[in-house]
Amino acid sequence: PVGSEVVRKICNFSIKELDELLAFAKGEIESHDPATGVIRIKLEDTNQPYLWCAEGIALLLRGVLGIDKGMPNVSVKPSKDEVIIDSSVKSIRPFIAVFSAKGPEIKDAFLRQLIQFQEKFCGAFGMKRSKVSIGMYPYEKIEFCKKPFI
């Protein structure tokens, strides 16, 4: 389910306009509940994982309409934080990638979208988390190494 308030806030589309534009994502509105504001979108092509959330659909449609061009610029810089993975986890997760993201506070609706996306991603590409797993944690609750681990 995609919260229509998210799509409307990002794109400012009516339900009819959204349904017409979803053809660009090989999708269509499956159902819409005006009482709850929930829109169910059916996508025929799942090869574009960014479309698995309202923000990704909005990004595509803003490009289709010429509102934005290309992907948004994201500032990336090396971190001074170091993550050390305990050797006991190596057989379970032999590879790990880590990044931290900082910015505006994540509101509840967006957090729900992130969680829904990670579940879909891990289910589709991670073989139900047996091969790939994504975790999100509050940055301030992670304890980083203060000195090199030997």
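For the structure, check the block above.
Everything quoted here is computed from the prediction, not taken from an experiment.

What counts, and at which threshold
Residues numbered from 1 in each chain as written. Predicted model: local features only at pLDDT ≥ 70, side-chain atom pairs only at ≥ 80, totals over all residues. Heavy atoms only, no water. Helix = DSSP H or I, 4+ residues; strand = E, 2+ residues; numbered from the N terminus. Contact = heavy atoms within 4.5 Å. Phe/Tyr/Trp six-rings, centres within 6.5 Å; stacked < 30°, edge-to-face > 60°. Buried < 20%, exposed > 50% of the residue type's maximum accessible area, 1.4 Å probe, protein only. Expected span 1.5 Å × (residues − 1). Arc of directions from axis to C-beta.

A.B. asks: Any chance you could explain the side chain of Gln118 here in plain terms?
C.D. replies: Note on placement: Gln118 falls in helix H4 (residues 108-125). Not counting residues within four places of it along the chain, the set of residues in contact with Gln118 comprises Arg129, Ile134, Gly135 and Met136.

A.B. asks: Just checking my understanding: could you explain the packing of aromatic side chains for this structure?
C.D. replies: Between two aromatic rings, the relevant description is the distance of the centres plus the angle of the planes. Per the counting criterion, the structure on display carries four aromatic pairs. In textbook terms, an aromatic cluster arises when at least three aromatic residues are bridged by ring pairs, as seen for Trp52, Phe117, Phe121 and Phe125.

A.B. asks: I would appreciate a short explanation of unusual backbone geometry in the present structure.
C.D. replies: As a rule of thumb, non-glycine residues mostly have phi less than zero, and peptide bonds are mostly trans rather than cis. Despite not being glycine, Lys26 has its phi angle at roughly 55°, a positive value. Along the chain, the position of Lys26 falls in the loop between helix H2 (15-21) and strand S2 (27-33).

A.B. asks: Could you clarify how one ought to interpret helix H3 (residues 54-64) in this entry?
C.D. replies: Since the α-helix packs 3.6 residues into each turn, any two residues three or four apart lie on the same face. Turning to H3, its buried residues are Ala54, Glu55, Gly56, Ile57, Ala58, Leu60 and Leu61. Looking one or two places after H3, you find Gly66, whose phi comes out positive at around 80°.

A.B. asks: Please explain H4 as it appears in this structure.
C.D. replies: Over its 18 residues, H4 runs 25 Å from end to end, which matches the ideal 26 Å to within 8%, given 1.5 Å per residue. Of the positions making up H4, those classed as buried are Gln113, Gln118 and Cys122. One face of H4 carries all of its buried residues, which in axial projection span an arc of 155°. Turned more than 90 degrees off the buried face of H4, the exposed positions are Asp108 and Arg112. Looking one or two residues beyond H4, the residue adopting positive phi is Met127, at roughly 50°.

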